[in-house]
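A structural walkthrough
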Amino acid sequence: MYRLNDKAVLFLPPNTVEAQALKQIENTSSMGFVFKHVAVMPDCHFGKGATVGTVLATKGAIIPAAVGVDIGCGMVAVRTRLGRGDIKDPAQIRRDIERRIPMSAGRNNKTLTPTAALRVTRLESLAGKDYASIDRSWPLALGTLGGGNHFIELATDESGAVWVTLHSGSRGIGNKIGNLHIKKAQQHAAGRRIALPDRDLAYLVEHTPEFDDYVADLRWAQEFARLNRDEMMDRAMMVVSHAIYGTPDRMADLEVQRINCHHNFSQVETHFGEEVWVTRKGAIQARRGMWAMIPGSMGTRSYIVTGLENPMAFHSAPHGAGRRYSRTAARKLFTMKDLETAMSGIEFRHARELLDEIPSAYKDIDEVIENAKSLIEVRHTLRQFINVKGD
């Protein structure tokens, strides 16, 4: 653990953090409502307002941009009863998952499956407003992956057990909700002439209508993200069930354990004896014994972990490898041959659109895990053999 200043604690050496990100950490830690300190995770990198990999405990206010616009983005991982030898045709499984789950930004379901419809009904019952006024197609987005670093993978752990893992969030509706409230916070700051070190650190004040509206939307979008992951995982497990048993209906026979965790969210927690809002942007909750997944990039290891409840990290841990190069920079630096070499032995879609997701564009996940040894305990190490991604 390192101290950048009296209000910023880092779980990686400060000299390994890019200058832009260090400035963001200093800016975030200077906000008057920060409780104790900002905790910076080992995978931190430059983001919008706050770095990705920021854990921010606050009293009386929330910064919407410190949650981000993919509200509730996170991981779901299922340990199965299968071994690698049970998966006879990885290419067919990849293609079947791609057929069952819409991929890439803006791609939605054409119709709702019965299970997706049930989850949409649940979300409608939880809604305090008509979210169709924000995004009229949100129901059809439930059960869709998105693009960028969102993925579905099949991997094996050190015992040879097959895991199905998935990374996604709240899709278009979460993005629109996030941007809507970031704008409201900025308007609040401008209207009251509040000086900010960065306009994306604009905040909403507790016990105001704007704050209450944001929290209601935030909780709803977090639930959308959780249900979205479960819906997609069920579809992926149907594909595996069909490959093993010849029917999609034996998912329950395959599943041993399921983990579902957010890494872009905010909630009320108790730390150092006080009740505070804890915002995690690119960070997972890591209470003692709590299970979570920390993924690497599409061609490297991932980790199943449990938390160690480190108080200085507000019971948090990193969410993944974190980017080393921007998408634009990665496309200039690497070639398709580089991608194919990095993905040797892994079934994946050979598409130029995936070049900016090359493992070399990300930080070394093993270095992240080493820096996180005071935050988590590694339970399983996963190595993927099937990767599914949208554009």
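Before going into details, it helps to say that this report is about the structure given with it. Here the residue index of a chain counts from 1 through its sequence in written order. Local features in this predicted model are restricted to residues whose pLDDT is 70 or higher, and side-chain atom pairs enter the listing and the counts only when it is 80 or higher, whereas totals over whole chains, interfaces and linings include all residues. No hydrogens and no water enter the side-chain calculation; it runs on all heavy atoms of the structure.

Our focus in this paragraph is the layout of surface pockets. It is a probe the size of a water molecule, rolled over the atoms, that shows where empty space is left. In this analysis, the protein atoms alone were mapped onto a 1 Å grid. Cavities are point sets where a 1.4 Å probe fits without being able to get out; pockets are open sets with protein on both sides within 12 Å along at least five of seven lines; lining residues have an atom within 4 Å of a point. Grid points are joined across faces, edges and corners, and a volume is the space filled by probe spheres set on the points. Quantified by volume, the largest pocket comes out at close to 1,000 Å³. Lining the largest pocket are 43 residues, with H45, V52, N149, N264 and R327 positioned closest to its centre. In DSSP terms, a helix is any run of H or I states spanning at least four residues, a strand is any run of E spanning at least two, and both are numbered starting from the N terminus. Residue contributions to the lining of the largest pocket peak at four residues, all from helix α6 (residues 171-191). One number sums up the size of the second largest pocket: a volume of about 260 Å³. Around the second largest pocket, the lining is made up of 16 residues, and of these R100, P102, N109, T113 and R235 lie nearest the centre. Secondary-structure elements contributing two or more residues to the lining of the second largest pocket are α3 (90-100) and α7 (209-245). Only Asp, Glu, Lys and Arg are considered charged, only Ala, Val, Leu, Ile, Met, Phe, Trp, Tyr, Cys and Pro nonpolar, and every remaining residue, Gly among them, polar. Taken together, the residues of the lining of the second largest pocket sort by class into four nonpolar, five polar and seven charged.

A separate point is the state of the cysteines. Any cysteine sulfur atom paired with another within 2.5 Å is treated as part of a disulfide. As enumerated under the stated definition, the model contains zero disulfides in all. Considering cysteine sulfurs only, C73 is the nearest to C44, which forms no disulfide, with 18 Å between them. Under the relative-accessibility criterion, C44 is labelled buried at 0%. C261 carries a free sulfur, and the closest cysteine sulfur to it, the one in C73, is 10 Å from it. Under the scheme applied here, a residue whose accessible area is under 20% of the maximum for its type counts as buried, over 50% as exposed, and between as partly exposed, the area being computed with a 1.4 Å probe on protein chains only.

Time to look at unusual backbone geometry. The backbone phi angle of F272 is positive, close to 50°, even though this residue is not glycine. Checked against the element boundaries, F272 lands in the loop between β11 (264-271) and β12 (274-281). Judged by its relative accessible area of 40%, F272 is partly exposed. Phi is positive for E309, close to 60°, though the residue is something other than glycine. Within the fold, E309 resides in the loop between β15 (302-307) and β16 (316-318).

This part takes up the sheet that holds strand β7 (residues 151-156). When DSSP finds two or more bridges between a pair of strands, those strands are recorded as paired. Pairing in this open sheet of seven strands is antiparallel, and the strands run β10-β6-β8-β7-β17-β15-β14 from one edge to the other. Looking at the sheet topology across the chains shown, the edges are occupied by β10 (255-262) and β14 (291-294). For this sheet the average axis-to-axis angle between neighbouring strands, irrespective of direction, equals 30°. Alignment of β15 against strand β17 (residues 376-389), held across six bridges, turns out to be antiparallel. Orientation is described by axes fitted as lines to C-alpha atoms, over the contacting stretch for helices, and by angles from 0 to 180 degrees between their N-to-C directions.

As a further point, take the sheet that holds strand β2 (residues 8-10). One open sheet accounts for six strands, arranged β1-β2-β3-β4-β12-β11; its pairing is mixed. In this open sheet, the two strands that pair with only one neighbour each are β1 (2-5) and β11. Taken pair by pair, the neighbouring strands of this sheet meet at an average axis angle of 25°, ignoring direction. In this structure, β11 lies alongside β12, joined through eight bridges in antiparallel fashion. Residue pairing across strands places F265 opposite R280, the latter belonging to β12. Across the face of the sheet, helix α1 (residues 19-29) comes into contact with β1, β2, β3 (34-45) and β4 (52-58) while running at roughly 160° to β3. In this analysis, two residues are considered to be in contact whenever any of their non-hydrogen atoms come within 4.5 Å of each other.

Residue position: R235 is located in helix α7. According to the relative accessible area criterion, R235 is buried, its value standing at 4%. At 2.9 Å, the side chain of R235 and the side chain of E231 are in polar contact. In this view, R235 contacts R100, I101, P102, N109, T113, A116, L142 and G143; residues no more than four positions away in its chain are not counted. Contacts described as polar in this section are N or O atom pairs within 3.5 Å, which, within protein, must combine one atom able to donate a hydrogen with one able to accept it, while residues neighboring in sequence count only if both atoms come from side chains.

All right, on to helix α4 (residues 114-126) then. Over its 13 residues, α4 runs 19 Å from end to end, which matches the ideal 18 Å to within 8%, given 1.5 Å per residue. All buried positions along α4 are accounted for by A116, R119, V120 and L123. Across the axial projection of α4, the buried residues extend over an arc of 105°, all falling on one side. For α4, the exposed residues set more than 90 degrees away from the buried face come down to P114, L118 and S125. Against the buried residues of α4 lie α5 (138-141) and α7. Expected span of a helix, by definition, is 1.5 Å for each gap between consecutive residues, and there is one gap fewer than residues. The arc in question is traced by the directions running from the helix axis to the C-beta atoms.

Now for the packing of aromatic side chains. When two rings of Phe, Tyr or Trp (its six-membered ring) have centres within 6.5 Å they constitute a pair, described as stacked for plane angles under 30 degrees, edge-to-face for angles over 60, and tilted for the intermediate range. The full count for this structure, using the stated rule, is nine aromatic pairs. Ring centres of W138 and W220 lie 5.0 Å apart, and the angle between their planes is 90°; this geometry places the pair in the edge-to-face category. With a gap of 82 residues between them, W138 in helix α5 and W220 in helix α7 connect regions that are remote in the sequence. A residue is classified by how much of its surface remains accessible, and W220, at 4% relative accessible area, is buried. Look at F211 and W277: their rings are 5.6 Å apart centre to centre, the planes differ by 75°, and that puts the pair in the edge-to-face class. Pair noted here: F211 is in helix α7 and W277 is in strand β12, with a separation of 66 residues, a long-range link. Relative accessible area serves as the criterion here: at 7%, W277 is assigned to the buried category. Among the aromatic residues, ring-to-ring pairing joins Y131, W138, W220 and F224 into one connected group. A ring has a charge above it when a Lys NZ or an Arg CZ is no more than 6 Å from the ring centre and no more than 35 degrees off the ring normal. Directly above the aromatic system of Y362 lies the positively charged group of R323, at a separation of 4.8 Å from the ring centroid.

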